[in-house]
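Here is how the chains run, residue by residue.
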Amino acid sequence: MADTPAVANLAIAPPATVVAETVGTTRDYWRAIWGNTGGKVAIAFLSLLILLALLASVIAAHSPSELLGPELTSRPPSWAYPFGTDVLSRDVLTRMLYGTRISLRIALLAATLSGVVGLLWGATAGYLGGAIDALLMRSVDMFLAIPRVLLVLTVVSLWPDLSPDGLVLVLGLTGWFGVSRLARAQALGIRHREFVSAAHALGVSRYRVLVRHVVPHALGPVLVATTIGVGHVLVLEAGLSFLGLGVRPPTPTWGSIIADGSESYQVTWWLTVFPGMALIGTSLAVNAIAHRLRVVIHPRQLPGR
Amino acid sequence: MTVPPSARGATPLLSVRNLATHFPVRTGLFGRPKAVVRAVDGVSLDVYPGETLGIVGESGCGKTTLGRSILRLIEPTAGTIEFDGVDFRALRGAALRGMRRHLQIIFQDPFSSLNPRLTVGTTIKEGLLVHRIAEGAAADARVAKLLDEVGMQPAYASRYPHEFSGGQRQRIGIARALAVEPKLIVCDEPVSALDVSVQAQVINLLKDLQKSRGLAYLFIAHDLSVVEHMADRVAVMYLGRVMELASAGDLYREPLMPYTQALPSAVPTPDPERKRMRIVLSGDPPSPANPPSGCVFHPRCHHPARDASCSVIAPPLEEKAAQHWCACFKQPPTVVPWDAQKGAGGTHPPERHLPVQALHQRG
Ligand SMILES: Nc1ncnc2c1ncn2[C@@H]1O[C@H](COP(=O)(O)OP(=O)(O)O)[C@@H](O)[C@H]1O
Ligand code: SF4
Ligand SMILES: [Mg+2]
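Predicted, not measured: the structure shown is a model, and the values here were computed from it.

The rules we used
- Residues numbered from 1 in each chain as written.
- Chains lettered and ligands numbered in written order.
- Predicted model: local features only at pLDDT ≥ 70, side-chain atom pairs only at ≥ 80, totals over all residues.
- Heavy atoms only, no water.
- Buried < 20%, exposed > 50% of the residue type's maximum accessible area, 1.4 Å probe, protein only.
- Helix = DSSP H or I, 4+ residues; strand = E, 2+ residues; numbered from the N terminus.
- Phe/Tyr/Trp six-rings, centres within 6.5 Å; stacked < 30°, edge-to-face > 60°.
- Lys NZ or Arg CZ within 6 Å of the ring centre and 35° of its normal.
- Near = heavy atom within 4 Å.
- 1 Å grid on protein atoms, 1.4 Å probe; cavity = no way out; pocket = protein on both sides within 12 Å on 5 of 7 lines; lining within 4 Å.
- Sits in = over half its atoms within 2 Å of the grid points.
- Nonpolar A, V, L, I, M, F, W, Y, C, P; charged D, E, K, R; others polar.
- Polar contact = N/O pair within 3.5 Å; in protein donor to acceptor, adjacent residues only side chain to side chain.
- Areas by Shrake-Rupley, 256 points an atom, 1.4 Å probe, with all protein chains shown as cover.

Undergrad: How should I be thinking about helix H10 (residues 194-202) of chain A in this particular structure?
TA: Residue and element names in this part refer to chain A. Counting buried positions over the nine residues of H10 gives eight, a clear majority of the element. When H10 is considered as a whole, its buried residues turn out to be Glu 194, Phe 195, Val 196, Ser 197, Ala 198, Ala 199, Ala 201 and Leu 202. Gly 203 sits one or two positions beyond H10 and adopts a positive phi of about 95°.

Undergrad: I would appreciate a short explanation of the packing of aromatic side chains in the present structure.
TA: What describes a pair of aromatic rings is the distance from one ring centre to the other and the angle between the planes of the rings. This model, assessed by the stated rule, comprises eleven aromatic pairs over all chains. The interplanar angle of 50° and the centroid separation of 4.8 Å between the aromatic rings of Trp121(A) and Trp176(A) together place this pair among those described as tilted. With Trp121(A) in helix H5 (residues 92-128) and Trp176(A) in the loop between helix H8 (164-173) and helix H9 (177-190), this residue pair connects regions lying 55 residues apart in the sequence. For Trp121(A), a relative accessible area of 28% corresponds to the partly exposed category. Seen from their ring centres, Trp176(A) and Phe177(A) are 4.7 Å apart, and the 55° between their planes marks the pair as tilted. Accessibility assignment for this pair places Trp176(A) and Phe177(A) in one class, buried. What links up through ring pairs into an aromatic cluster is the set Phe83(A), Trp269(A), Trp270(A) and Phe274(A). Here the guanidinium or amino end of Arg72(B) rests over the ring plane of Phe88(B), the centre of that ring lying 5.9 Å away.

Undergrad: What's the story with the site of ligand 2 in this structure? I'm lost.
TA: Residues and elements named next belong to chain B. Surrounding ligand 2, one finds Met 257, Pro 258, Cys 295, His 298, Cys 301, His 303, Arg 306, Cys 310, Cys 328, Phe 329 and Lys 330. When each cavity is represented as a set of grid points, ligand 2 is found to reside in the largest cavity. When grouped by side-chain class, the residues that make up the shell around ligand 2 number seven nonpolar, two polar and two charged.

Undergrad: I keep staring at the site of ligand 1 and nothing clicks. Help me out?
TA: All names here are of chain B. Residues in close proximity to ligand 1 include Phe 23, Val 37, Ala 39, Glu 58, Ser 59, Gly 60, Cys 61, Gly 62, Lys 63, Thr 64, Thr 65 and Pro 288, which together make up its full environment. Residue Cys 61 places a main-chain N or O atom 3.3 Å away from an oxygen atom belonging to ligand 1. A distance of 2.8 Å separates an oxygen atom of ligand 1 from a polar atom in the side chain of Lys 63. Notes on ligand 1: free accessible area 560 Å², of which the protein chains cover 63%. Listed by contribution, the elements that provide at least two residues to the shell around ligand 1 are strand S2 (33-47) and helix H1 (63-70). In terms of residue count, H1 provides more of the shell around ligand 1 than any other element does, three residues in total. Tallied by class, residues from the shell around ligand 1 come to five nonpolar, five polar and two charged.

Structural data, given as structure tokens:
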């Protein structure tokens, strides 16, 4: 079960040849998401999760590592402990609230890091072209040849006492290769457009052309890839925690809560079901949003805009 | 090779000498550059302050490459570019970017020349900001003035390019070029992509701006019909070379180069009794990757004195009459001696040929 999510992550490299046909404004993106029932549900679900995560310390009745006593170990859900308690007699609802905070934070930060690095890397390669492009993209090819899980596992097992921020770095810096290919394809598509030549003719520096003209053009596909990346990182992080390679205990994450109940999952189903549902729900929501964003970028590929 | 000094006796704003731009094409099995496309191959020309030099030639003869090479949007392979007394090809980095405001360009395709994500105002403002010509409210005021100058409402500054027609977009492109107060603008077929009804409006706008701002234009077109309304002098290009260079009047009255004679023109000859004969060029121009030997025009030439020497001797661009330069040694006078031509297999001595016929002769 642990490597199911990991295997799913092998397919993250999106095709490099798909170039966005249209550019969207922020309003177009928002409209595409909010103007659709699935999109609304996804946004509502994620907003709720984020709200709960932010308010964790206010809502939670206990502290996430507080031991409630030997008589309260592995209790099923009840009115007093709606999500039950774990083997160490900790309140699972509390741990879920704090775990949501940490899991979402890691996923959002790591996916954003991937998005930013991939965007800058690919856009620079595509815009500058020539030897720099070859150098930048050959190194991407090299990294893409190694499965991301393998890369992550290697770094994580060599990194003692990995903090949540350390995990963000590891997951973020192993997730941008596919993104950079997308960004490069976009940059290649516009580097010979005349408005880029016009900027050069005006005396605009290369750096400014990259930032003002090239990067914004690559933003759409990168946004979609980054959104999908959130789901990938969530699942990857859960898998690592499950293997005991993620954030160190007693820090709760969705994955570590599942791991806490893995020895006795036939009995303590609540340790698997609640974080599992959060994981699946978030992945579905994030993919639904990515799907809606894609409608803006490739309007012709999807009917029913 | 030298180029005529101005009839006005002024010093040129732009002096291009022996400019060449070759593109390597990778055709080898392992991507080795096997051939070069000689898109521009030894062009020399001058542009004087406030004048329009027309560049005319069939599609693919290297006009765009020439224009962009002069602006160093494409780095030339060889030759010199002197702009306003400065060796433009020697400039690097910030010095080059600083100089760029004086040489601007207007593009052929009004749809690819504007960034669809930026408002019209932002597009026009970019040059102002980069060269610190104006900032903040002063920059906005400039944008409004520029829009007005190109015949558009200042309120359009907050709109996006997709809201405008081709002609309006071309005006926006002109405003962007004008913002940095250039001395020279390369106009690369600025009306070719526009409806005929709009073409004249844009041409007139360019003429008005030239008058009010004292601009010099390098005006590129694929036939003579547009250039003849615009240009003071015209250079005719073929396969990356200048074949004829003369004042617009001389070129229409007395097109010496057989290629020029075949270019369609809308201007009737001044003498109503005489009419330009319609010469239809046979075949397509040869590939600039593999230009013909000798005179590159020889496979398509209709000059009655054309002979075997034309495929051996490369004709120099020589001054046939005052300020009238032409690269054809069969059009007298020529510096290529008849003996040399005979030595190269020549059978027909040079002979003046003009495709202008008296109407009564045509029956
Ligand atoms: N980047 C390039 N690489 C290779 N060949 C090119 C490139 N740009 C232009 N050419 C070739 O150079 C020649 C001149 O092109 P161009 O300057 O666009 O002509 P024009 O503007 O007169 O139509 C053409 O044969 C064209 O195919
Ligand atoms: S040199 Fe010969 S081929 Fe070339 S234009 Fe003159 S007559 Fe024609
Ligand atoms: Mg062209």
